[in-house]
Amino acid sequence: MPAAALGLGKPMPRLGFGTASATLGQAEGRAGVTQAVLHALDARYRHFDTASSYNTEAAVGDAVAQALRAGKIASRDDLYITTKLLIANAHPRRVLPALQKSLRNLGMEYVDMYLIHFPVSMRPAAVEGVIMVVKDDLVEMDMKGVWEEMEECHRRGLARAIGVSNFTCKKLEYLLSFAKIPPAANQVEMHPYCRQNKLRAFCRDKGIQLCAYSPLGGKRAPWANNSVMDSPILEQIAHEKGKTVAQVCIRWVYEQGDCVIAKSFNEQRMQENLEIFGWELTDDDRRRISALPESRGTYNFFVHESGPYKTAEEFWDGEIVAGQSTYQIAACLDSTN
């Protein structure tokens, strides 16, 4: 598996396995997610992406422990594990305890990458052990204070690398103005309908590795951009190459030099998603993709009249076009973490 060298930690495998589901792990259950990760390990995925909000950290940890006992992998060090900071814990003095909790969930001594999940904070939930995302409770992030604690996580060896997710050029520029340790990666929505050209150029110039989530548009998820998998242009390109639309999308991200997180708990599709090597898109394929109208699924999740961001344009600093998803986050899910 090719890997991208980072400013911190070990190289990140260019293709990873995602564990975020539409029901945040509720439908699959801990055992179901564990089994999916075990299948992914059998398929030779070595990069696994989770988050406190996904309710899948414990399942990932279970799978890794089982794989070690069974001799499927020689060492935890053979894997690349990413997790993310819950927005309710994106406050000074809450970051380090949040990572320590994630490590207990994972049954690990460190993660390879720890990300600030979104550039926004939320008032902590009144009840411990419950994931609550309520737009009325959104508040502005103390980015300097939060990043200082992220740096402390790295200094203590709990996070071999630290980074961000869903950050725009403007927010990265502000973070870089005070960061003693710059972010090693920025994980963002990216696919042929959300190409992130401006952000990619900025990150490349600053030595920040871009990593794509929802490379297939996240179909059937609340944050879905259904343009991707329903695209006649992408279907035509896939047909011409004897590939799937998913393979075309993942290959397109790979050719940009970015890492990519692909999620499927279906054994056949998780294997197909790995089959992006040994062929490439043509200049005509790339031209047709570059002409697709841009939109995104992760659009207005953290926009609210009482919050720090009143419009999607404010949240994304005017760097994106209109989104498809109108999903409103106001969910209370029992946490299994």
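From a predicted model like this one, the values you see are computed outputs, not experimental measurements.

Visitor: Please clarify how the packing of helix 2 (residues 57-70) against helix 3 (residues 95-106) should be interpreted in this entry.
Guide: How two helices pack is summed up by the angle between their axes together with the distance between the axes. Orientation of helix 2 relative to helix 3, taken along the N-to-C sense of each, is 45°, at an axis distance of 7 Å. In this view, helix 2 runs oblique relative to helix 3, as classed from their interaxial angle. Residues Glu57, Ala58, Val60 and Gly61 of helix 2 form the contact with helix 3, whose participating residues are Ser102, Asn105 and Leu106. Its residues assigned to classes, the contact of helix 2 with helix 3 comprises three nonpolar, three polar and one charged.

Visitor: What is the right way to read the UniProt feature "active site" (unreviewed entry) in the protein from this model?
Guide: The positions UniProt marks with the feature "active site" (unreviewed entry) are Tyr54. Of note, tyrosine 54 is situated in the loop between strand 4 (47-49) and helix 2.

Visitor: What is the right way to look at empty space enclosed by the protein in this model?
Guide: Left-over empty space is what a probe sized like a water molecule reveals as it rolls over the atoms. Under the criterion given, the structure shown has two cavities of 30 Å³ or more. Within this model, the largest cavity holds a volume of roughly 50 Å³. Along the walls of the largest cavity sit Phe167, Thr168, Val188, Gln196, Leu199, Arg296, Trp316, Glu319 and Ile320, which together make up its complete lining. Its residues placed into classes, the lining of the largest cavity shows five nonpolar, two polar and two charged. The volume enclosed by the second largest cavity comes to roughly 40 Å³.

Visitor: Looking at this model, I keep getting lost on the state of the cysteines. Mind explaining?
Guide: The bond known as a disulfide is covalent and runs between the sulfur atoms of two cysteines. Summed over all chains, the structure comprises zero disulfides. Of the cysteine sulfurs around cysteine 259, a residue in no disulfide, the closest is that of cysteine 211, at 5.2 Å.

Visitor: Just to check I follow, could you spell out the packing of aromatic side chains for this structure?
Guide: Each aromatic ring pair is specified by the distance between its two centres and by the angle formed by the two planes. On inspection of all chains with the given rule, the structure shows nine aromatic pairs. Their ring planes at 20° and their centres at 6.0 Å tell us that phenylalanine 17 and phenylalanine 265 sit as a pair that is stacked. With phenylalanine 17 in strand 3 (residues 15-18) and phenylalanine 265 in the loop between strand 13 (259-262) and helix 9 (267-272), the pair connects residues that are 248 residues apart, well separated along the chain. With a centroid separation of 4.8 Å and 80° between ring planes, the pair formed by phenylalanine 315 and tryptophan 316 is classed as edge-to-face. Using a relative accessible area of 2% as the deciding quantity, one classes phenylalanine 315 as buried. By the ring-pair criterion, three or more aromatic residues cluster together here, those being Phe118, Phe302, Tyr309, Phe315 and Trp316. Of note, lysine 171 hangs over the ring of phenylalanine 315, and the distance from its end group to the ring centre comes to 5.7 Å.

Visitor: In this structure, what is going on with helix 7 (residues 232-241)? I would like to understand it.
Guide: In an α-helix there are 3.6 residues to a turn, and that puts residues three or four apart on one side. Listed as buried for helix 7 are Leu234, Ile237 and Ala238. Buried positions in helix 7, seen along its axis, are confined to an arc of 100° and lie on one side of it. Turned more than 90 degrees away from the buried face of helix 7, the exposed residues are Pro232 and His239. Elements in contact with the buried residues of helix 7: helix 8 (245-255) and helix 10 (283-290). One side-chain oxygen of the residue at the start of helix 7 lies 3.3 Å from the amide nitrogen of isoleucine 233, identifying that residue as serine 231.

Visitor: Help me out: how do you make sense of the confidence of the model for the protein in this one?
Guide: A low pLDDT means the predicted coordinates there should not be read in detail. Taken over all residues, the pLDDT of the protein has a mean of 89, while the share at 70 or more is 88%. Low pLDDT, under 50, characterises residues 323-337; the predicted model gives this stretch 49 contacts beyond four residues in sequence or across chains.

Visitor: Help me out: how do you make sense of the UniProt feature "site: Lowers pKa of active site Tyr" (unreviewed entry) in the protein in this one?
Guide: Per the UniProt record, "site: Lowers pKa of active site Tyr" (unreviewed entry) is found at Lys84. The class for lysine 84 is buried, based on a relative accessible area of 1%. Sequence-distant contacts of lysine 84, defined by excluding residues within four places in its chain, comprise Asp49, Thr50, Ala51, Ser52, Tyr54, Tyr114, Leu115, His117 and Gln187. At a separation of 2.8 Å, a polar atom in the side chain of lysine 84 contacts the main-chain carbonyl oxygen of threonine 50.

Visitor: I keep staring at the pattern of salt bridges and nothing clicks. Help me out?
Guide: Charged atoms that come close allow side chains of opposite charge to pair. Counted according to the given criterion, the structure contains 20 salt bridges. A salt bridge links arginine 287 to aspartate 284; its shortest N-O distance comes to 2.6 Å. On the criterion of helical spacing, the pair formed by arginine 287 and aspartate 284 is a turn pair, its members being three residues apart in helix 10. The exposure class assigned to aspartate 284 is partly exposed, which follows from its relative accessible area of 36%. Where salt bridges share partners, they join Glu240, Lys241, Asp284, Asp285, Arg287 and Arg288 into one cluster.

Visitor: I would appreciate a short explanation of the environment of lysine 180 in the present structure.
Guide: Structurally, the position occupied by lysine 180 is in the loop between helix 5 (169-176) and strand 11 (185-189). On the accessibility criterion, lysine 180 (65% relative accessible area) is exposed. The spacing of lysine 180 and glutamate 148 is 32 residues in sequence and 8.2 Å in space, taken between C-alpha atoms.

Visitor: Explain the environment of threonine 168 here, please?
Guide: The residue threonine 168 is located in the loop between strand 10 (162-165) and helix 5 in this model. On a C-alpha basis, the gap between threonine 168 and valine 188 in space is 9.2 Å, while along the polypeptide they are 20 residues apart. Filtering out sequence-adjacent residues up to four positions away, threonine 168 remains in contact with Leu199, Phe315, Trp316, Asp317 and Glu319. Polar contacts involving the side chain of threonine 168 include one to the side chain of aspartate 317, which spans 2.5 Å.

Scoring rules and cut-offs
- Residues numbered from 1 in each chain as written.
- Predicted model: local features only at pLDDT ≥ 70, side-chain atom pairs only at ≥ 80, totals over all residues.
- Heavy atoms only, no water.
- Axes fitted to C-alpha atoms, helices over the stretch in contact; angles between N-to-C directions.
- Helix = DSSP H or I, 4+ residues; strand = E, 2+ residues; numbered from the N terminus.
- Parallel < 35°, antiparallel > 145°, perpendicular 65-115°, else oblique.
- Contact = heavy atoms within 4.5 Å.
- Nonpolar A, V, L, I, M, F, W, Y, C, P; charged D, E, K, R; others polar.
- UniProt positions renumbered as here; feature names shortened; annotations may be inferred.
- 1 Å grid on protein atoms, 1.4 Å probe; cavity = no way out; pocket = protein on both sides within 12 Å on 5 of 7 lines; lining within 4 Å.
- Points joined across faces, edges and corners; volume = space filled by probe spheres on them.
- Disulfide = S-S within 2.5 Å.
- Phe/Tyr/Trp six-rings, centres within 6.5 Å; stacked < 30°, edge-to-face > 60°.
- Buried < 20%, exposed > 50% of the residue type's maximum accessible area, 1.4 Å probe, protein only.
- Lys NZ or Arg CZ within 6 Å of the ring centre and 35° of its normal.
- Arc of directions from axis to C-beta.
- Polar contact = N/O pair within 3.5 Å; in protein donor to acceptor, adjacent residues only side chain to side chain.
- pLDDT = per-residue confidence, 0-100.
- Salt bridge = Lys/Arg side-chain N within 4 Å of Asp/Glu carboxyl O.

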